[in-house]
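One letter stands for each residue in the lines below.
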Amino acid sequence: MTISDKARSIDARVSDLLGQMTVDEKLAQLGAVWIMSVIDEQRAFAEDRAKTEIGHGIGQITRVAAATLLPPTESATLANQVQRFLVENTRLGIPAIIHEESCAGYMARGATTFPQAIGMAATWEPDLVERLADVIRVQMRAVGAHHTLAPVLDITRDPRWGRVEETLGEDPYLTATIGTAYVRGVQGDLENGIAATGKHFVGYGMSEGGLNWAPAHIPARELREVYLAPFWAAIQAGGLATIMNGYQELDGVPCGASKELLTDILRGEMGFEGTVVADYFTLNMLSEYHHVAADKSDAARQALEAGLDVELPATSCYGDPLRAALDAGQVDMALIDTSVRRVLRLKFQLGLFEQPYVDAGQAITVFNTPEQRDLSLEAARKSIVLLKNADNLLPLAPDLDSLAVIGPSADSIRLLQGDYHYPSHMEGVFISDVNMDSPNPLQDLSASDIMEHFIESVSVLQGIRAAVSSHTTIHYAEGCTITGDDTSGFAEAVAAAEQAQVAIVVIGGMSGLAMHCTTGESLDRAHLDLPGVQQQLVEAIHATGTPVVIVLLNGRPLSIPWIAEHVPAVVEAWLPAQEGGTAVASVLFGAYNPGGRLPISFPRSVGQVPVFYGHKPAGGRTHWQGDYIDLSTKPLFPFGHGLSFTTFKYSDLAITPEEAAATGSVSIQAVIENTGTRAGEEVVQLYVHDRVASVTRPVQELKGFVRILLEPGEKKTVTFTLPVAMLGFYNREMAFVVEPGEIEVMVGSSSADIRARRRFTITGDVTPVPHTFFSEVTVE
């Protein structure tokens, strides 16, 4: 059966099923229930509760594994029990979609954890991201899940925002490339895959003041060229199955109630044919937070008319309130049918009717296997960015006589995790009393109970102990905590440094949802310096005269100008997950040569925010004006930056042809040589600039990249094939066109380290072009 035949067959089955449904059964498909609503206090399936909660069927079940904290076999068994009830005890026997989270690995007990999303982006390696997303697919399917609320495709240029760590950074091209790779990996062929969710549609990551849920002020042209671009690519090139709205408003209209966004733009302009799901509690927020709806019935009407198909995490407005609006003639049944049709189509695409159950006994066999742990280690290593390495302090010799390991992050596996890792996320959910809209049988769990659920992980100190010689003496001191003003541990830390040849200081933040964390969802900051007294700790260790290496474990760019000036070596490890300690140690002691690159710029001060590479010609960022009167306009560390233990030379940049029409393409070729003594990876980056256009254009735009491994003395030729349509933009009439003119091409090691430049010319007339998302690259 061809793809088109299969689609027609699914549409026919949807129409047949829809024609048999009552109003109550239709409304049930537009909603969800938390798994806690259908289990008892012992986390066993409760049929009596199920009859009440899902007697007419249900669209989705929320977090079977994550919310119950059950291990794989038990969560798979519970999923089967829920599905069996729906198949055998509801009139039409429609299975439910079970959704979970997987921003950085399947967020469930026993699942493999991977670096937080910002770290995935720092690998600049989409093939790697696709492979780890496939692990997520396999693990989720094994326990009966079908839908993940990932990836985050928000462009963010404000590190004050707490959710930066969940994003893929500041650039639309990098985000589109990594995000689409994730979608392909996790969805597979969909029938055996997991429906991915592009979120948060749209502009959520550029909120007013860096505050969660705050309004975003984004003009129409910038919205399409920057913030919609990754979604567009994931839809058209990745087959993205679902979209989730942003919480915030755009120009006075909440995204969850915006027909312009969810229908006119998403479906009309971008060609999306899948399902739109609500971010948690979106519909209630229309009346309770945004105050654009009078009550739940009004909220349901607005969301449905906007094009929002499914209410998550639990039905609140799409149940009785929507029924009341329907009975009052305020909602057209055709609108409901349209959304129900989309829900049913996705269920058929996922193969739920053919196979609603899983083999629970086999589930554990695909969880955290040696191969999956190796992949997590590979990803963690490749995410590490060497920010500074003065006098080649790194790598350290593994046979040093003495070494100090200092800092609050040095011996903590908790601080390796991001806000959507398990169990750190659940710590915040249960300890912070997050509203689950249903009885919570786990309400008596303590933080220590949940912390026992960590997958086997390696702290940085443990990784260092394993990496150094048996005769190396390690002096460990915590020094201080992540937050707070207690300096009583400084003396021990200083003493440790004074006894050592080198001091490794591991510092950063704590990610999660709980209010004692420093980064994560709803944990926005007004300052970007190190939390607590960590900066003072670094200065105290530096004052000993012992060479210092800083290792950062954090989810957002930090303002660390003093460290950048005074400390010889700085390593950014992000939130590297279970193998983080081994990965960091392998870089520190030279077993692995770092090749990660920054997916987001580091500001010198919060006063520079937003600071990003792809800005328009403006202010002190051009040669026409100077810097701020009290600070440079340049970032502390620019987008694309990352050092290596070796050196690379770029040569022989060539562009053919030197003239091309809007419908053509150009070949951009350069030779990269490893001129050092170690094997290493270079991320070759292609940027362009449209020199004269009818509207202002960014000074640089990333249009291609590739990560390559070179042995000492080895050369490789990198060739980018750039479709000219990729240079399209929205002109003054808001038509997407390519204009004739001269294009500057830049190839280099970062946005600020351009090694070669040439130009080519676009010929012909102003030409409307289709959106074209990716260049191609070959390496020989």
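Provided above is the structure to which this section pertains.
What comes next is a walk through the structure. What you are looking at is a predicted structure, and each value in this text was computed from that prediction instead of being measured. (Residues numbered from 1 in each chain as written. Predicted model: local features only at pLDDT ≥ 70, side-chain atom pairs only at ≥ 80, totals over all residues. Heavy atoms only, no water.)

Per the secondary structure count, the protein chain includes 23 helices and 27 strands. Relative to its length of 780 residues, the protein chain is compact, with a C-alpha radius of gyration of 26 Å against a globular reference of 28 Å. Along the first, second and third principal axes, the C-alpha set of the protein chain runs to 75 × 65 × 50 Å. Taking all 780 residues of the protein chain together, 64% fall into the buried category. Expressed as a percentage of contacts within the protein chain between residues at least 6 apart in sequence, the contacts between residues at least 24 apart total 79%. As presented, the protein chain carries roughly 27000 Å² of accessible surface, and 48% of it is formed by carbon and sulfur atoms. Charged side chains of the protein chain number 56 positive and 95 negative; the gap between the two group centres comes to 5 Å. (Helix = DSSP H or I, 4+ residues; strand = E, 2+ residues; numbered from the N terminus. Rg over C-alpha atoms; globule rule 2.2 N^0.38 Å. Buried < 20%, exposed > 50% of the residue type's maximum accessible area, 1.4 Å probe, protein only. Contact = heavy atoms within 4.5 Å. Areas by Shrake-Rupley, 256 points an atom, 1.4 Å probe, with all protein chains shown as cover. Lys, Arg positive; Asp, Glu negative; His and termini not counted. Charge placed at Lys NZ, Arg CZ, Asp CG, Glu CD.)

One way to put it is that helix α20 (residues 490–498) packs onto helix α21 (residues 534–542) with a least axis distance of 9 Å and a crossing angle of 35 degrees. Note on packing geometry: the crossing formed by α20 with α21 is right-handed. Across the interface between the two elements, Phe490, Ala493, Val494 and Ala497 of α20 pack against Gln536, Leu537, Ala540 and Ile541 of α21. Among the residues making up the contact of α20 with α21, the classes are represented as 7 nonpolar, 1 polar and no charged. (Axes fitted to C-alpha atoms, helices over the stretch in contact; angles between N-to-C directions. Left-handed = near helix turned anticlockwise from the far one by under 90°. Nonpolar A, V, L, I, M, F, W, Y, C, P; charged D, E, K, R; others polar.)

Here we come to the packing of aromatic side chains. Evaluation of the coordinates by the stated rule reveals 20 aromatic pairs. Aromatic side chains Trp34 and Tyr280 sit 5.8 Å apart centroid to centroid with 80 degrees between the ring planes, which places their arrangement in the edge-to-face category. A residue pair is termed long-range when its members are at least 10 positions apart, and Trp34 in strand β1 (residues 32–34) and Tyr280 in the loop between β9 (275–277) and α12 (282–288) qualify at 246 residues. Judged by its relative accessible area of 2%, Trp34 is buried. Taking the relative accessible area as the measure of exposure, Tyr280 reaches 8% and is therefore buried. Put simply, the rings of Trp124, Tyr173, Tyr613, Phe639, Tyr687, Phe705, Phe773 and Phe774 pair up and form one aromatic cluster. For Arg84, the ring lying beneath its charged end belongs to Tyr357, and the centroid distance is 4.2 Å. The cationic tip of Lys199 hangs over the ring face of Tyr420; the distance from NZ or CZ to the ring centre is 5.5 Å. (Phe/Tyr/Trp six-rings, centres within 6.5 Å; stacked < 30°, edge-to-face > 60°. Lys NZ or Arg CZ within 6 Å of the ring centre and 35° of its normal.)

Per the stated rule, a full pass over the model turns up 5 cavities of 30 Å³ or more. Here the largest cavity is characterised by a volume of approximately 70 Å³. Of all elements in the fold, only α6 (117–122) and α8 (172–187) reach the threshold of two or more residues within the lining of the largest cavity. When its residues are assigned to classes, the lining of the largest cavity shows 9 nonpolar, no polar and 1 charged. Put simply, the second largest cavity is a space of about 60 Å³. Lining of the second largest cavity is provided by Gly508, Gly509, Thr518, Thr519, Arg525, Pro531, Asn554, Gly555, Arg556 and Leu558. (1 Å grid on protein atoms, 1.4 Å probe; cavity = no way out; pocket = protein on both sides within 12 Å on 5 of 7 lines; lining within 4 Å. Points joined across faces, edges and corners; volume = space filled by probe spheres on them.)

What follows covers the environment of Gly31. Tracing the backbone through its elements, the reader meets Gly31 in the loop between α2 (23–29) and β1. Gly31 gets classed as buried once you look at its relative accessible area, which sits at 0%. In sequence terms Gly31 and Asn554 are 523 residues apart; their C-alpha atoms lie 36 Å from each other. Discounting residues that sit within four places of it in the chain, Gly31 has contacts with Ile58, Gly59, Gln60, Val310, Glu311 and Thr315.

Further remarks concern the pairing of strand β15 (residues 569–572). Neither face of β15 is open: one carries Ala569 and Val571, the other Val570 and Glu572, and all of them are buried. Of the pairings in the sheet, the one linking strand β10 (residues 385–389) to β15 comprises 4 bridges and is antiparallel in character. By the bridge assignment for β15, Leu386 is matched with Val571. When strand β14 (residues 548–553) meets β15, the two strands line up parallel, connected through 4 bridges. Looking at the pairing, Val549 lines up with Ala569 of β15. Handedness of the crossover is the feature at issue here: the chain leaves β14, passes through helix α22 (residues 561–566), returns alongside β15, and the resulting connection is right-handed. (Pairing = 2+ DSSP bridges. Right-handed = clockwise from strand over helix to strand, strands pointing away.)

With that settled, consider the environment of Val405. As for its position among the elements, Val405 is in strand β11 (residues 402–406). When the C-alpha positions of Val405 and Tyr476 are compared, they lie 4.9 Å apart, and in sequence the two are 71 residues distant.

Time to look at the environment of Val502. Looking at the secondary structure, you find Val502 in strand β13 (residues 502–508). Linking Val502 and Gly545, residues 43 residues apart in sequence, is a C-alpha distance of 9.6 Å. Filtering out sequence-adjacent residues up to four positions away, Val502 remains in contact with Leu396, Leu400, Ser402, Leu403, Ala404, Thr546, Pro547 and Val549.

The next subject is the side chain of Gln535. Of note, Gln535 is situated in helix α21. Excluding its chain neighbours within four sequence positions, the residues that come into contact with Gln535 are Leu530, Trp562 and Ile563.

This next bit is on the packing of helix α19 (residues 460–467) against helix α23 (residues 580–588). For the pair α19 and α23, the least separation of the axes is 7 Å and the interaxial angle reads 50 degrees. Here α23 runs oblique to α19, going by the angle between their axes. By crossing handedness, the relation of α19 to α23 is classed as right-handed. Here α19 contributes Val460, Gly463, Ile464 and Ala467 to the contact with α23, which in turn contributes Gly581, Thr582, Val584, Ala585 and Leu588. Partitioning the contact of α19 with α23 into residue classes produces 6 nonpolar, 3 polar and no charged. (Parallel < 35°, antiparallel > 145°, perpendicular 65-115°, else oblique.)

One open sheet accounts for 4 strands, arranged β1-β2-β3-β4; its pairing is parallel. Looking at strand neighbours, the two that pair on one side only are β1 and β4 (147–148), the edges of this open sheet. Summarising the sheet, β1 and strand β2 (residues 60–62) pair through 3 bridges and their orientation is parallel. Opposite Ala32, over in β2, you have Gln60 as the bridge partner.

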